[in-house]
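# Residue-level structural notes
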Amino acid sequence: MQSQAALHASHNDMKAPAIPRRGEWTSAALDLLPKDGHLNEVIDGELHVFPPPDESHDRVVWNLLLQLLPFASQLCFAAKVRPEPLEFSKRRYVLPDLILLPNPVFGPGPYELVVEVASPYTRRIDSLAKRELYQHERVWQYWIVDPQRRELLVWRPNASAPEIVRDVFTWHASIRRDPLRLDLNAVFSPQDAHAVAISRRDLFPRAEIVGEGAPTAGAVWTLALLDAIRPDGCRYESVDGRLLISPPQPIVSAQERALIDLRTVLDESADDTGTTVVMGPVNIEFSSTCRLIPDFVAYPVAPATRTRTQRQTRTAPCLIVEVVSRTSNPEYLRAKRELCQRVGVTEYWTVDLEAREVQRWRPESPKPEVARATLRWVPVPGRRGAVFDLQQFFRLVLDR
């Protein structure tokens, strides 16, 4: 028989590895995260997680690379593209989209150029944390290519502000040679630039994963892992261990106006419906691998001690509301709706501003009830309930 000490040691070996605290992440600790296609980086000990790049992102990198290659060859530089990591230290591990550095044949040297292609998920990190990191590590130039805004931000060492380019950029490398004339219209073209020897799909093969963000058979996204991600404006949710990332919304937008007006409408009807409404983002946790951050949550009771960050109690919400836009991922909405139906949320609404309609799901509903004119809501039996004029609501939000 095994001794008590041996059994205790065996039990300790079976324990899950400890998740680093905020600010204590290293490149080695990234092995704790699910291998689900997301990009995981560590900047000064903080964990950052981003969705996998899409086709349009890879096309921008490809078109930029083809313009840089002849210039790099002239200067005897090597051009490398994702997923080539840069590990400046154990606490500084990043995955830039493109790097230009002296050819190793000629000996080691500093990075001539580091390029990040911005997205709504990464724009804040690219312009703040990564810019400071690359300047500290003495990168000669740091570019942020922004397809949505169709502009190039050029950061030079010790610069307090970037040079903003929107048409043609003439680049002088650190080695005095003929400059590169970079055509941004070609970089942002919806068509691939042509190359004889290789195609973009050869360079950027699509990840073989079961749905974007689907967990593997091993590690899954738990609440503890979600809490370890540095807040950056994105919403990090988990449905049965599957990570869902939603980009931050503009400060002034139709969606923001809809949230404010909808909060007013729901608050005005609180006495008639017998509910209390909590405006998001608010964490609703159903299990150790399920967390939603909806725009609104309504409960059939109104305890005075409830706060925005309080965890889910035994009583399920009577209403969860998501205001959707063009950036909303339909697969994510379906996963969240199915979770709400499974755990017994009385109603789940998606407010679609573009279609000017509300889709209303109940736990037993195979299809939604679609409301465009009026919507009657009676969450608590015996109460009067409320009737919402949806046409007036959408007119006030969208036509002002």
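Quick summary incoming for the structure in this document. (Residues numbered from 1 in each chain as written. Predicted model: local features only at pLDDT ≥ 70, side-chain atom pairs only at ≥ 80, totals over all residues. Heavy atoms only, no water.)

## Quick look at the side chain of arginine 337
- With respect to the element layout, arginine 337 can be found in helix α10 (residues 330-343).
- Buried within the structure, arginine 337 lacks any salt-bridge partner; its nearest side chain of opposite charge belongs to glutamate 338, at an N-O separation of 4.4 Å.
- Not counting the four nearest positions on each side in its chain, arginine 337 is found in contact with Tyr348 and Trp361. (Helix = DSSP H or I, 4+ residues; strand = E, 2+ residues; numbered from the N terminus. Buried < 20%, exposed > 50% of the residue type's maximum accessible area, 1.4 Å probe, protein only. Lys, Arg positive; Asp, Glu negative; His and termini not counted. Salt bridge = Lys/Arg side-chain N within 4 Å of Asp/Glu carboxyl O. Contact = heavy atoms within 4.5 Å.)

## What to know about the nonpolar core
- Core analysis: the largest hydrophobic core is formed by 38 residues, its most contacted members being Trp25, Leu47, Val49, Tyr134, Trp221 and Tyr236.
- When residues of this core are assigned to their parent elements, the largest contribution, four residues, is made by helix α7 (residues 223-228).
- Not counting chain neighbours up to four residues away, the residues in contact with valine 49 comprise His38, Leu39, Asn40, Trp221, Ile229, Tyr236, Leu243 and Ile245.
- Counting residues in hydrophobic clusters, the runner-up holds 32 residues, among them Leu100, Val145, Trp171 and Leu180. (Core = buried A, V, L, I, M, F, W, Y, C linked by side-chain atoms within 4.5 Å.)

## Quick notes on the packing of helix α8 (residues 254-268) against helix α11 (residues 390-398)
- One can describe the packing of α8 onto α11 by two numbers: an axis separation of 9 Å at closest approach and a directional angle of 135°. Classified by the angle between their axes, α8 and α11 sit oblique to one another. Taken as a pair, α8 and α11 cross one another with a handedness that is right-handed. For the pair α8 and α11, the contacting residues are Ala254, Arg257, Ala258, Asp261 and Leu262 in the first and Phe393, Leu396, Val397 and Leu398 in the second.
- In the contact of α8 with α11, the residues fall into seven nonpolar, no polar and two charged. (Axes fitted to C-alpha atoms, helices over the stretch in contact; angles between N-to-C directions. Parallel < 35°, antiparallel > 145°, perpendicular 65-115°, else oblique. Left-handed = near helix turned anticlockwise from the far one by under 90°. Nonpolar A, V, L, I, M, F, W, Y, C, P; charged D, E, K, R; others polar.)

## Things to note about the environment of leucine 375
- Locating leucine 375 in the fold gives a position in strand β23 (residues 374-377).
- The residues touching leucine 375, leaving out its near neighbours within four places in the chain, are Trp349, Val358, Arg360, Ala386, Val387, Phe388 and Leu390.

## Observations regarding the pairing of strand β11 (residues 168-171)
- Burial of β11 is one-sided: the residues Phe169 and Trp171 facing one way are buried, the residues Val168 and Thr170 facing the other way are not.
- Across four bridges, β11 lies against strand β12 (residues 180-183) in antiparallel orientation. Residue phenylalanine 169 lies in a different strand from β12, and its bridge partner there is leucine 182. (Pairing = 2+ DSSP bridges.)

## Considering the packing of aromatic side chains
- Here the structure, examined in full by the defined rule, presents 10 aromatic pairs.
- On the basis of an interplanar angle of 85° and a centroid distance of 6.0 Å, the ring pair of phenylalanine 88 and tyrosine 111 is categorised as edge-to-face. On the criterion of sequence distance, the pair formed by phenylalanine 88 in strand β4 (residues 86-89) and tyrosine 111 in the loop between β6 (98-102) and β7 (113-117) is long-range, its members being 23 residues apart.
- Relative accessible area serves as the criterion here: at 24%, tyrosine 111 is assigned to the partly exposed category.
- Feature note: the residues Phe71, Trp143, Phe169 and Trp171 constitute an aromatic cluster, connected by ring pairs. (Phe/Tyr/Trp six-rings, centres within 6.5 Å; stacked < 30°, edge-to-face > 60°.)

## With respect to the pattern of salt bridges
- Considering all chains together, one arrives at 31 salt bridges under this definition.
- We note a salt bridge from arginine 235 to aspartate 295, for which the minimum N-O separation is 3.0 Å. Of this pair, arginine 235 sits in strand β13 (residues 235-239) while aspartate 295 is found in the loop between β17 (290-292) and β18 (296-299), placing the two residues 60 residues apart along the sequence.
- By sharing partners, the salt bridges in this structure join Glu41, Glu116, Asp126 and Lys130 into a single network.

## So, the sheet that holds strand β9 (residues 151-155)
- What the six strands build is an open sheet, ordered β3-β6-β7-β8-β9-β10; its pairing is mixed. Each edge of the sheet is formed by a strand with only one pairing partner; in this case those strands are β3 (77-81) and β10 (163-165). Sheet twist, expressed as the mean angle between neighbouring strand axes with direction ignored, is 15°.
- Taken together, the three bridges between β6 and β7 define a ladder with antiparallel strand orientation. Counterpart to isoleucine 99 in the pairing with β7 is valine 114.

## Details of the sheet that holds strand β2 (residues 46-50)
- Taken in spatial order, the four strands of this open sheet run β2-β1-β5-β4, and their pairing is antiparallel. Both edges of this open sheet fall to β2 and β4, since each of them pairs with a single strand only. If you compare each strand with its neighbour and ignore which way they point, the axes differ by 20° on average.
- Relative to β2, strand β1 (residues 39-43) runs antiparallel, the two sharing five bridges. Across the sheet, leucine 39 pairs through a bridge with phenylalanine 50, a residue of β2.

## Examining unusual backbone geometry
- If you check the backbone angles, arginine 138 has positive phi at about 60° while not being a glycine.
- Looking at the element boundaries, arginine 138 is found in the loop between α4 (129-136) and β8 (141-146).

## Section: the pairing of strand β16 (residues 284-287)
- Direction of pairing for β16 relative to β17: antiparallel, over a ladder of three bridges. Bridging from a neighbouring strand, isoleucine 284 pairs with leucine 292 of β17.
- Once β16 ends, the chain turns through two residues before running back antiparallel as β17.

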